[in-house]
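Residues per chain, in single letters:
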Amino acid sequence: MLASPDDMHQFEPGPTNERVLRDAFGRFATGVTVVTVGTDNGPVAITANSFSSVSIDPPLVLWSPQKTSRRFPFFAKAPHFVIHVLSAEQSDLCWDVAKDMAALSKLDLAQNPEGVPILEGCLARFECSHHAAYDGGDHEIVVGRVLRASMRDGGDALGFFKGRMSTFQAQ
C-alpha cells in the first residue's frame, strides 16, 4: 500500500531541524562498509554507509567521510584505502570500529601490496587508489579507482535503516 500525501512530513532543512533531516536520510536503506588505511601508527578504520559504485570503465567507487571526524585526516591524505562491504556476521566489528578508530590494531590483519589492512569475512572488498576528492558540504566525496576487487557468493549483508542495524537477505 502506498503512502498518501497526508502521511508525509514535509519540511525545509535548516539548522533547527538537522535531526529530522538525518532521520529522512535514514529512510534510505544502505549496506555498511568499513574503510581502512595504513598509517605509521597502525591501521585506522571508519564505518561508512555512504558507499556507491560510480563507473565500470574506469573502475571507480565513492564514499564520503565527515570532515569534522577525528579520522578524516588519515583518509584525506591516504593514497590508498580499502572498502569492505560487511556481512551480517560482522555487526560487532562494525560497532567496534564505529567506537574506536584504532579498533583494528588489536587484530592480526593481512595487508595488501600498498600496506592497507585487509579484513576477512566481508561480502566484497575494493582495494583502491585515491582518484579524486570533491567538496560535499560537511563531508568530502572521495572517489577511488579500484585496483583489485574480491567477493564471496554466500552470506547476507549487514544493513542500516532508520538508525538501526539490520540484515539484508537475497530472495
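Residues numbered from 1 in each chain as written. Predicted model: local features only at pLDDT ≥ 70, side-chain atom pairs only at ≥ 80, totals over all residues. Heavy atoms only, no water.

Draft legend 1. A look at the sheet that holds strand β2 (residues 33-39). The sheet built from seven strands is open, its strands ordered β3-β2-β6-β9-β10-β5-β4 with antiparallel pairing. Every interior strand has two partners, whereas the edge strands, β3 (42-48) and β4 (52-55), have only one. Across this sheet, the average inter-strand angle for adjacent strands is 35°, counted without regard to direction. Pairing analysis gives six bridges linking strand β6 (residues 80-85) to strand β9 (residues 124-136), with the strands arranged antiparallel. Within β9, the residue paired with I83 across the bridge is F126. Where helix α3 (residues 91-99) meets the sheet, it contacts β2 and β3, and its direction lies at approximately 110° from that of β3. (Pairing = 2+ DSSP bridges. Helix = DSSP H or I, 4+ residues; strand = E, 2+ residues; numbered from the N terminus. Axes fitted to C-alpha atoms, helices over the stretch in contact; angles between N-to-C directions. Contact = heavy atoms within 4.5 Å.)

Draft legend 2. Main features of the pattern of salt bridges. The final tally for this structure, using the stated rule, is five salt bridges. Across the salt bridge formed by D135 and K67, the nearest N and O atoms sit 2.2 Å from each other. Remark: K67 occurs in the loop between β5 (60-63) and α2 (72-76) and D135 occurs in strand β9; sequence separation between them is 68 residues. The exposure class assigned to D135 is exposed, which follows from its relative accessible area of 60%. Residue class for K67 comes out partly exposed when judged on its relative accessible area of 30%. Residue E89 is joined to R152 by a salt bridge in which the shortest nitrogen-to-oxygen separation is 3.4 Å. (Salt bridge = Lys/Arg side-chain N within 4 Å of Asp/Glu carboxyl O. Buried < 20%, exposed > 50% of the residue type's maximum accessible area, 1.4 Å probe, protein only.)

Draft legend 3. Inspection of α3 at higher detail. Among the residues of α3, L93, C94 and V97 are the ones counted as buried. Across the axial projection of α3, the buried residues extend over an arc of 105°, all falling on one side. Away from the buried face of α3 by more than 90 degrees, exposed residues D92 and K99 are located. For α3, the elements touching its buried residues are β2, β3, β11 (157-161) and β12 (164-168). (Arc of directions from axis to C-beta.)

Draft legend 4. Highlighting the nonpolar core. Ranked by size, the top nonpolar core spans 20 residues in total, and within it V35, W63, F75, F81, I83 and F126 carry the most contacts. Of all the secondary-structure elements, those providing two or more residues to this core are β2, β3, β5, β6, β9 and β10 (139-151). Sequence-distant contacts of I83, defined by excluding residues within four places in its chain, comprise T33, V34, V35, F51, V61, W63, A124, R125 and F126. A45, C94, V97 and L119 belong to the second-largest nonpolar core, a separate cluster that totals eleven residues. (Core = buried A, V, L, I, M, F, W, Y, C linked by side-chain atoms within 4.5 Å.)

Draft legend 5. The arrangement of the environment of S52 in detail. With respect to the element layout, S52 can be found in strand β4. The exposure class assigned to S52 is partly exposed, which follows from its relative accessible area of 32%. Placed 118 residues apart in sequence, S52 and A170 show a C-alpha to C-alpha distance of 19 Å. Residues in contact with S52, not counting those within four places in the same chain, are V61 and L62.

Draft legend 6. Expanded view of the pairing of β3. Burial analysis of β3 places five of its seven residues in the buried class, which makes it a mostly covered element. Between β2 and β3, which pair antiparallel one after the other, the connecting turn spans two residues.

Draft legend 7. Quick look at the sheet that holds β11. Spatially, three strands are ordered β1-β11-β12 in an open sheet, and the strand pairing comes out antiparallel. Each edge of the open sheet carries a strand with a single partner, namely β1 (30-31) and β12. With two bridges connecting them, β1 and β11 associate as antiparallel partners. In the sheet register, T30 faces β11, and the bridge partner there is F160.

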